[in-house]
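Chain residues, written in single-letter form:
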Amino acid sequence: MRNIVPVLTVVAAIFAIWYAAAVALNAPWAYNKAERAGVSLTTSELISDTWSQQKPKLPAPHQVGAELWNTTGEMVAKGRGFSKRSLIYHSWVTFSATGLGFLLGTALGIALAIGIVYNRTMDMSVMPWVIASQTIPILAIAPMIIVVLNAVGISGLLPKAMISMYLSFFPVVVGMVKGLRSPGPMQLDQMRTWNATPTQTFWKLRLPSSMPYLFTSLKIGMAASLVGAIVGELPTGAVAGLGARLLAGSYYGQTIQIWSALIMAATLAACLVGLIGLVQRIVLKRMGMA
Amino acid sequence: MAWLALALAVWIGGWWLNHVLSHRPKTRVTRLAVPVIFGLTIVIIWEALVRGLEISPVLLPPPTQIAATFADKTHILWQDFVQTVIKGALTGYVLGCGAAFVMAIAVDRFDFLKRGLLPVGNFVAALPIIGMAPILVMWFGFDWQSKAAVVVVMVFFPMLVNTVEGLSDTDAMQRDLMRTYAAGYWKTLLKLRLPAALPFIFNGLKIASTLALIGAIVAEFFGSPIKGMGFRISTSVGQLALDLVWAEIVVAAIVGSAFYGGIALLEKALTFWHPSQRGRS
């Protein structure tokens, strides 16, 4: 709670800088217009012009806010909340790919981690490649994956989800391996004195003690998987989704549209990560770990 | 069928060899050999499957064809490498990490800033920053400057958060000791807190190294001059020249691994005293 004042100060400072930058970046266009109209601008006229242009270099926050409201709240009020022009529809498209990829990635990650912890051969041969796979800028081949999967007849949700999966499995593997190995020799010996089978050791000791690590990884994995879904939407020809909105906005110079898609993506990321944080709090509390 | 049988045989053989090797005492040789054998097995199986199942090279070219393209088109690959990695990613990486480092020291000096900026920084680090790419391309033009700007924005917050966390990693006892030596703020910073922060700083540098390459390549999807790795990948996909795309991916993989490996080596040399480095030989 004691952080609230400093955080609000920083956020206020960001908004102040944003407004100031909007004036600075949009001023040349405003002067240009005024010159052609043969009038000279006073300071207040200049400021009001730079904050209300049609295609500004940097839209002011209230313009982005208005655009966001027009494409979400107002459309819901009109009962067209799911039409193709509404950001809710595009967010839903992106979210479905993110969610599917995240689930697949988490499942793959946990399976790999269990394999790595219980099988020495896998530990030594797969683990180095899991780490190496992340130094490869995989996002770069997103367009290729989409095109290739399209060619073999898989299109729509799955190709995007594959990219999200690839990005989100890594944090889960690394976190789960660390988590499953976190019980000390003392605890493992204790299980042995109780004559526990390996399965019992897994369910009653290793899995519960890996939970804090798992949730930390899930948060990173969720953020990564959203990035994957957005980038995966770029090469599909700007059909639907937040990534498509970004691309369409950049083609037609609709800066306000880009910014609103960006803010929407940020909100989506914050909600998803926050949701995992909430589940984490509840689960850890019921397990007596928090 | 012969190719498929070969694939199966190689898989069983490679796994058996790894099984034997990994159950012997760990030495430097086995630690290196096991992953290498695993990687080779995958490549051979890939080749055999593509030939055995007669997959069209438009969908998935075999590794031999990729290698041939790689050797054939080195001048294009080199040109793209200079444009994307040296001009775009590296410039942005140095600027972004440098700015974040300076900012971190300023943030650490003032507790108010630290309490305000850290939650915001943590929040921003989880956002899909890559979405800033079209805006920055619009501001800085199509050439490498806009790619460098994307990289700066992408690496800034992970680096800032890690450095600030590292700077607070000394305990009161150590700082008191510095005070008994009559060391001022700057002396304490240089001799105690920065060295103690190094493991965290290197963690940030490592995360930033992968982000930098991704940022530079993806930013090229939003507009670029007619060279660069991202440009080549997106146009070659359009021409179905997938062997060239894979050759670019090989370049990206080599660069990414070398970049990461270089930082890891530097870390090993500078933080040899840290427990995470001491345990290994």
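Residues numbered from 1 in each chain as written. Chains lettered and ligands numbered in written order. Predicted model: local features only at pLDDT ≥ 70, side-chain atom pairs only at ≥ 80, totals over all residues. Heavy atoms only, no water.

Caption draft 1: A look at the overall build of chain B. Helices and strands together make up the secondary structure of chain B, namely 12 helices and zero strands. Across chain B, helices and strands are ordered from the amino to the carboxyl terminus as α-α-α-α-α-α-α-α-α-α-α-α. Summarising its shape, the C-alpha atoms of chain B cover approximately 75 × 55 × 30 Å along the three principal directions. Pairs at least 24 residues apart make up 73% of the contacts formed inside chain B by residues separated by at least 6 positions. A total accessible area of about 13900 Å² is found for chain B, and carbon and sulfur atoms account for 71% of it. Of the charged side chains in chain B, 22 are positive and 15 negative; the average position of the first set lies 10 Å away from that of the second. (Helix = DSSP H or I, 4+ residues; strand = E, 2+ residues; numbered from the N terminus. Contact = heavy atoms within 4.5 Å. Areas by Shrake-Rupley, 256 points an atom, 1.4 Å probe, with all protein chains shown as cover. Lys, Arg positive; Asp, Glu negative; His and termini not counted. Charge placed at Lys NZ, Arg CZ, Asp CG, Glu CD.)

Caption draft 2: How the structure looks around the packing of aromatic side chains. Scanning the model with the defined rule gives 12 aromatic pairs over all chains in all. Ring centres 5.4 Å apart and planes at 40 degrees place the aromatic pair W18 of chain A and W259 of chain A in the tilted group. Separated by 241 residues along the polypeptide, W18 of chain A in helix α1 (residues 4-37) and W259 of chain A in helix α12 (residues 255-286) bring together distant segments of the chain. Note on accessibility: W18 of chain A and W259 of chain A belong to one class, buried. Here the aromatic residues F15, W18 and W259 of chain A are joined through ring pairs into a cluster of three or more. The cationic tip of R206 of chain A hangs over the ring face of Y118 of chain A; the distance from NZ or CZ to the ring centre is 5.5 Å. It is R109 of chain B that lies over the ring of Y185 of chain B; its NZ or CZ is 3.8 Å from the centre. (Phe/Tyr/Trp six-rings, centres within 6.5 Å; stacked < 30°, edge-to-face > 60°. Buried < 20%, exposed > 50% of the residue type's maximum accessible area, 1.4 Å probe, protein only. Lys NZ or Arg CZ within 6 Å of the ring centre and 35° of its normal.)

Caption draft 3: Local environment of the domain arrangement of chain A. All names here are of chain A. Each assigned domain of chain A is listed with its residue range as follows: domain 1 (4-58) and domain 2 (87-286). Each of domain 1 and domain 2 was reduced to a C-alpha centroid, and the two centroids are 39 Å apart. Opposite the seven residues of domain 1 that make contact, domain 2 presents seven residues. Taken together, the two surfaces of domain 1 and domain 2 that pack against each other cover about 460 Å², and 60% of this comes from carbon and sulfur. (Domains from an automatic or database assignment. Buried area = accessible area lost by both parts, 1.4 Å probe.)

Caption draft 4: Inspection of the UniProt feature "transmembrane region" (unreviewed entry) in chain B at higher detail. Summarizing the sequence annotation, UniProt attributes the feature "transmembrane region" (unreviewed entry) to residues 32-50, 85-107, 119-142, 149-168, 200-223 and 244-266 of chain B in the numbering used throughout. In residues 149-168 of chain B, helix accounts for 95% and strand for 0%; the two terminal C-alpha atoms are 29 Å from one another. (UniProt positions renumbered as here; feature names shortened; annotations may be inferred.)

Caption draft 5: The packing of α1 of chain A against helix α2 (residues 43-50) of chain A, seen in detail. Residues and elements named next belong to chain A. It is at 8 Å that the axes of α1 and α2 come closest, and there the two elements cross at 105 degrees. Relative to α2, α1 is oriented roughly perpendicular. Residues A22, V23, N26, A27, A30, Y31 and K33 of α1 form the contact with α2, whose own contacting residues are L46, I47, D49 and T50. Of the residues assigned to the contact of α1 with α2, the class counts are seven nonpolar, two polar and two charged. (Axes fitted to C-alpha atoms, helices over the stretch in contact; angles between N-to-C directions. Parallel < 35°, antiparallel > 145°, perpendicular 65-115°, else oblique. Nonpolar A, V, L, I, M, F, W, Y, C, P; charged D, E, K, R; others polar.)

Caption draft 6: Summary view of the packing of α12 of chain A against helix α6 (residues 133-140) of chain B. It is at 10 Å that the axes of α12 of chain A and α6 of chain B come closest, and there the two elements cross at 145 degrees. Of the residues in α6 of chain B, those touching α12 of chain A at T255, I258, W259 and L262 of chain A are P134, I135 and M138 of chain B.

Caption draft 7: Up close: the side chain of E47 of chain B. Residue and element names in this part refer to chain B. With respect to the secondary-structure elements, E47 resides in helix α2 (residues 28-52). The exposure class assigned to E47 is buried, which follows from its relative accessible area of 11%. Engagement of the side chain of E47 in a polar contact is seen with the side chain of T64, the distance being 2.8 Å. Beyond its immediate sequence surroundings of up to four residues, E47 is in contact with P62, P63 and T64. (Polar contact = N/O pair within 3.5 Å; in protein donor to acceptor, adjacent residues only side chain to side chain.)

Caption draft 8: Molecular detail of the UniProt feature "domain: ABC transmembrane type-1" (unreviewed entry) in chain B. Following the UniProt record, one finds the feature "domain: ABC transmembrane type-1" (unreviewed entry) at residues 99-269 of chain B. Counting secondary structure, residues 99-269 of chain B comes out at 82% helix and 0% strand; the distance between its end C-alpha atoms is 24 Å.

Caption draft 9: How the structure looks around the environment of A240 of chain A. Residue and element names in this part refer to chain A. Its location among the elements puts A240 in the loop between α10 (198-233) and α11 (242-252). By relative accessible area, which is 12% here, A240 ends up buried. Sequence separation of A240 and S225 is 15 residues, and the distance between their C-alpha atoms is 17 Å. Not counting the four nearest positions on each side in its chain, A240 is found in contact with Y89, H90, V93 and E233.

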